[in-house]
Amino acid sequence: MKDELIVFLTAILPVSELRGAIPLALLKFNFPLWKAFLIGITGNTLPCIPLILFLNLFEKFSEKNKILNKVFKFFKLRALKRKKLIEKYEIIGIYLFVSIPLPFTGAWTGCLLAYLFQTPPLKTFLAVFFGILTAGIIVSGILIVGIKWGIISGIIFGALIILILNFLIK
């Protein structure tokens with residue numbers, strides 16, 4: 001159970017998220033793919049609900065603390081660099097942003113972007129959750145079948161999710 005907890009906590013962390021948790025589970029702890037994927041997705045999704053609901057309170061709280069304010073502003077400025085993507089594609093932009101498995105493009109930053117652009121909570125959760133799933137498929141695919149097929153599987157799944165999101169948000 002200790003190994004599962006380590007993977008779960010790795011998935012919760014804002015920098016590693018499932019991009020670090022799934023490889024850790026597969027390569028270090030030799031988890032089966034389904035277990036690595038499930039723990040990674042669950043751990044990465046867990047902080048999204050409080051982030052979506054309470055980032056406004058955290059921002060107000062951080063204004064009173066010099067260190068927290070500096071950290072929040074740092075992440076806010078990084079997120080705002082993706083402003084054009086979100087303004088152009090809205091909820092699909094948040095989904096695309098979260099689904100790219102690179103540092104600082106995950107669920108935490110996606111929730112921050114949605115907060116900054118005042119995206120409704122349910123739409124934010126759907127975009128971020130499906131982005132997490134897509135990133136999980138890409139990371140898992142890269143580890144199991146290689147970069148080319150991992151990316152191709154992510155693109156195929158992503159196209160399907162974009163169709164679903166378009167249907168859900170209209």
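Since this is a predicted model, take the numbers as computed values, not measurements.

1. Describing the overall build of the chain
Part 1: A count of helical and extended segments in the chain gives 10 helices and 0 strands.
Part 2: Reading the chain from its N end, one meets helices and strands in the order α-α-α-α-α-α-α-α-α-α.
Part 3: A compact globule built from 170 residues should have a C-alpha radius of gyration of about 15 Å, and the chain, at 16 Å, falls within 12% of that.
Part 4: The C-alpha extent of the chain, read off along each of the three principal axes, is 45 × 40 × 25 Å.

2. Details of the pattern of salt bridges
A side chain of one charge can pair with a side chain of the opposite charge if their charged atoms are brought near each other.
Part 1: Inspection of every chain in the model, using the stated rule, returns 3 salt bridges.
Part 2: For Lys35, the salt bridge goes to Glu4, with nearest N and O atoms at 2.5 Å. Of this pair, Lys35 sits in helix 3 (residues 33–45) while Glu4 is found in helix 1 (residues 2–12), placing the two residues 31 residues apart along the sequence.
Part 3: For Lys35, a relative accessible area of 22% corresponds to the partly exposed category.
Part 4: Across the pair Glu59 and Lys76 runs a salt bridge, and its minimum N-O distance is 3.1 Å. With Glu59 in helix 4 (residues 48–62) and Lys76 in helix 5 (residues 66–80), this pair connects stretches of sequence that are 17 residues apart.

3. Let's talk about the nonpolar core
Part 1: Membership of the largest hydrophobic core comes to 39 residues, with the highest contact counts inside it found for Val7, Leu18, Phe31, Cys48, Ile94, Val128 and Ile132.
Part 2: The dominant element in this core, judged by the number of residues it contributes, is helix 9 (residues 121–145), at 7 residues.

4. A short note on the confidence of the model for the chain
Part 1: Mean pLDDT over the chain works out to 91, with 99% of the residues at or above the 70 mark.
Part 2: Here helix 6 (residues 83–89) stands out as the element of the chain with the lowest mean pLDDT, 79, in contrast to helix 3, whose mean of 98 is the highest.

5. Here we look at the packing of aromatic side chains
Part 1: Across all of its chains, the model carries 6 aromatic pairs by this definition.
Part 2: With a centroid separation of 5.8 Å and 55° between ring planes, the pair formed by Phe58 and Phe72 is classed as tilted. Residue Phe58 is found in helix 4, and its partner Phe72 is found in helix 5; the two are separated by 14 residues along the sequence.
Part 3: When its relative accessible area of 6% is taken as the criterion, Phe72 is described as buried.

6. What to know about the environment of Ser62
Part 1: Relative to the helices and strands, Ser62 is located in helix 4.
Part 2: The class of Ser62 is buried, set by a relative accessible area of 0%.
Part 3: Considered as a pair, Ser62 and Gln118 are 56 residues apart in the sequence and their alpha carbons are 19 Å apart.
Part 4: Every residue in contact with Ser62, bar those within four places of it in the chain, is listed here: Leu68, Asn69 and Phe72.

7. A word on a nonpolar patch on the surface
Part 1: Taken together, Leu27, Leu33, Leu143, Ile144, Val145 and Trp149 make up a surface patch of nonpolar side chains, about 580 Å² in accessible area.
Part 2: By residue number, the principal contributor to the nonpolar patch is helix 9, which donates 3 residues.
Part 3: Along the polypeptide, Leu143 turns up in helix 9.

8. Looking at the environment of Leu126
Part 1: When you line up the elements, Leu126 lands in helix 9.
Part 2: Residue classification places Leu126 among the partly exposed positions, given a relative accessible area of 22%.
Part 3: In this structure the C-alpha to C-alpha distance between Leu126 and Ile94, which are 32 residues apart in sequence, comes to 9.7 Å.
Part 4: When near neighbours in sequence (up to four residues on either side) are disregarded, Leu126 contacts Leu165 and Leu168.

9. Here's the deal with the packing of helix 4 against helix 8 (residues 107–116)
Part 1: Between helix 4 and helix 8, the least distance of the axes is 9 Å, while the angle of their chain directions is 55°. Between helix 4 and helix 8, the angle is such that the two are oblique. For the pair helix 4 and helix 8, the sense of crossing is right-handed. Along the contact surface, helix 4 presents Cys48, Leu51, Ile52, Leu55, Asn56 and Glu59, while helix 8 presents Ala107, Trp108, Cys111, Leu112 and Tyr115.
Part 2: Along the lines of polarity and charge, the residues of the contact of helix 4 with helix 8 split into 9 nonpolar, 1 polar and 1 charged.

Cut-off values and rules
Residues numbered from 1 in each chain as written. Predicted model: local features only at pLDDT ≥ 70, side-chain atom pairs only at ≥ 80, totals over all residues. Heavy atoms only, no water. Helix = DSSP H or I, 4+ residues; strand = E, 2+ residues; numbered from the N terminus. Rg over C-alpha atoms; globule rule 2.2 N^0.38 Å. Salt bridge = Lys/Arg side-chain N within 4 Å of Asp/Glu carboxyl O. Buried < 20%, exposed > 50% of the residue type's maximum accessible area, 1.4 Å probe, protein only. Core = buried A, V, L, I, M, F, W, Y, C linked by side-chain atoms within 4.5 Å. pLDDT = per-residue confidence, 0-100. Phe/Tyr/Trp six-rings, centres within 6.5 Å; stacked < 30°, edge-to-face > 60°. Contact = heavy atoms within 4.5 Å. Patch = residues over 30% accessible without salt bridge, like charges linked within 9 Å, V, L, I, M, F, W, Y side chains within 5 Å. Areas by Shrake-Rupley, 256 points an atom, 1.4 Å probe, with all protein chains shown as cover. Axes fitted to C-alpha atoms, helices over the stretch in contact; angles between N-to-C directions. Parallel < 35°, antiparallel > 145°, perpendicular 65-115°, else oblique. Left-handed = near helix turned anticlockwise from the far one by under 90°. Nonpolar A, V, L, I, M, F, W, Y, C, P; charged D, E, K, R; others polar.

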